[in-house]
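Here is what each chain is made of, one letter per residue.
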Amino acid sequence: MTDFAIYDVFTGTALAGNPLAVVFGADHYGDEQMQAIAREFNLSETVFVLKPENPAHSARLRIFTTARELPFAGHPTVGAAIAVAGRRLGGEVPANGMDMVQMLEEAIGPVRCAVRISPDGSGFAEFDLPRLSRQLEAEMASADIGVALGLDPHEIGFENHRVSLWSAGVPFVLVPVHDLAAAAKAECSAAEWERVAPMGDGHLAFAYVYCRGGVNHTSSFHARMFAPGDGMPEDPATGSAAAALSGAIHHFDGLTEGNHALVIEQGVEMGRPSLIHLHIDCTGSEVSHVRIGGKAVRVAEGKLLV
């Protein structure tokens, strides 16, 4: 039997945010078993925790959607960092919490995470982006992208933000829209998206719709993510998309030197509001460092009998 837990990630409230299955001690599972277990949980992602290849690191992670393995993803990194910290401490957490730093091995490379864990197993984790966002060349027409998302041409774009393809390990077509009403209107057609979406890093890019502001007054951006081809009609919180967005924000907004602290809200239309913290550090005119963080709460635990 193998222990697992379910965490709601990028939220401090149970039954909100993005649910994540964390499977501990998963070294005995093969690739096909991991994929089958991910399909069984039927969540946007399941993360398997294995022994690290480097004994100085905290754990090795393998991340699966219901359709395939990912080299990197944000909400599994945040949720797993908090889950692994809780397991390592064995419930012995001071009443005021505990801070720790972990190195997690992912397919994309080592990921450094700072974690604050609470006695109840909830916490906050922030990780350094293992690969900075970069813009990919792609032939795509904004009108075609709009048709696939149910958006009219006049609803796409704001200020100097335009449809573009970016990746920090997972590719996304970033689709800026005028306002919250346009974002709420978006609906992704799987067939149309497969027809018009470009490839990036060897995979069909996901759709990420965003606008400035949000329902929450602290939000810098409001976002929605669609990946119907990977079994996710919509995702309530997507750290890897926020990672990709960091490059577009720098590119279109012309960020200046210093630290830029932003909050991205997602999942509002799904009834699972999420808050993703994004920090972009610029040295001169270039991005030098990006961090992504958020809260997570444990909502279930149990044992796999396979």
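All of these numbers come straight from a predicted model, not from anything done at the bench. (Residues numbered from 1 in each chain as written. Predicted model: local features only at pLDDT ≥ 70, side-chain atom pairs only at ≥ 80, totals over all residues. Heavy atoms only, no water.)

What exactly am I supposed to notice about the overall build of the protein chain here?
Helix and strand content of the protein chain: six helices and 19 strands. In terms of C-alpha radius of gyration, the protein chain reaches 19 Å, essentially the compact-globule figure of 19 Å for 306 residues. Each principal axis of the C-alpha atoms in the protein chain carries an extent, and together these give about 55 × 40 × 35 Å. The buried share of the protein chain, taken over its 306 residues, is 57%. Contacts in the protein chain between residues at least 24 apart in sequence constitute 63% of all its contacts with a sequence separation of at least 6. Carbon and sulfur atoms make up 51% of the accessible area of the protein chain, which totals about 12,500 Å². (Helix = DSSP H or I, 4+ residues; strand = E, 2+ residues; numbered from the N terminus. Rg over C-alpha atoms; globule rule 2.2 N^0.38 Å. Buried < 20%, exposed > 50% of the residue type's maximum accessible area, 1.4 Å probe, protein only. Contact = heavy atoms within 4.5 Å. Areas by Shrake-Rupley, 256 points an atom, 1.4 Å probe, with all protein chains shown as cover.)

I would appreciate a short explanation of the nonpolar core in the present structure.
Within the largest apolar cluster, 67 residues are counted, with the highest numbers of intra-cluster contacts made by Phe172, Tyr208, Tyr210, Ile264 and Ile292. Not counting residues within four places of it along the chain, the set of residues in contact with Tyr210 comprises Phe158, His161, Leu174, Val175, Pro176, Val177, Phe221, His222, Ala223, Leu245 and Phe252. (Core = buried A, V, L, I, M, F, W, Y, C linked by side-chain atoms within 4.5 Å.)

Please explain the environment of Ala148 as it appears in this structure.
Tracing the chain through its elements places Ala148 in helix H3 (residues 142-149). As for Ala148 and Ser189, which are separated by 41 residues in sequence, their C-alpha atoms are 5.4 Å apart. Once residues lying within four places of it in the same chain are set aside, the contact partners of Ala148 are Glu187, Cys188, Ser189, Glu192, Trp193 and Val196.

Is there a simple way to think about the pairing of strand E6 (residues 98-106) in this case?
Each regular strand shows side chains that alternate between the opposite faces of the sheet. When strand E4 (residues 59-64) meets E6, the two strands line up parallel, connected through two bridges. Paired with Arg60 across the strands is Glu105, a residue of E6. In terms of strand pairing, E6 meets strand E7 (residues 109-117) through nine bridges, oriented antiparallel. Residue pairing across strands places Gln102 opposite Cys113, the latter belonging to E7. Hairpin connection from E6 to E7: two residues lie between these consecutive antiparallel strands. (Pairing = 2+ DSSP bridges.)

Sorry, what's going on with helix H6 (residues 239-253) here?
One turn of the α-helix equals 3.6 residues, which is why residues spaced by three or four share an orientation. If you check H6, its first and last C-alpha atoms are 20 Å apart, about what 15 residues at 1.5 Å a residue would give, namely 21 Å. Across the 15 residues of H6, 13 count as buried, placing the element largely inside the fold. Positive backbone phi, at 60 degrees, marks Gly254, one or two positions downstream of H6. (Expected span 1.5 Å × (residues − 1).)

What's the story with the pattern of salt bridges in this structure? I'm lost.
In the structure shown here, the tally under the stated rule is 19 salt bridges. Note that Asp281 and Arg291 form a salt bridge whose closest N and O atoms lie 3.0 Å from each other. Here Arg291 lies in strand E19 (residues 286-304) and Asp281 lies in strand E18 (residues 274-283), a separation of 10 residues in the sequence. Looking at Asp281, the relative accessible area reads 17%, which means it is buried. (Salt bridge = Lys/Arg side-chain N within 4 Å of Asp/Glu carboxyl O.)

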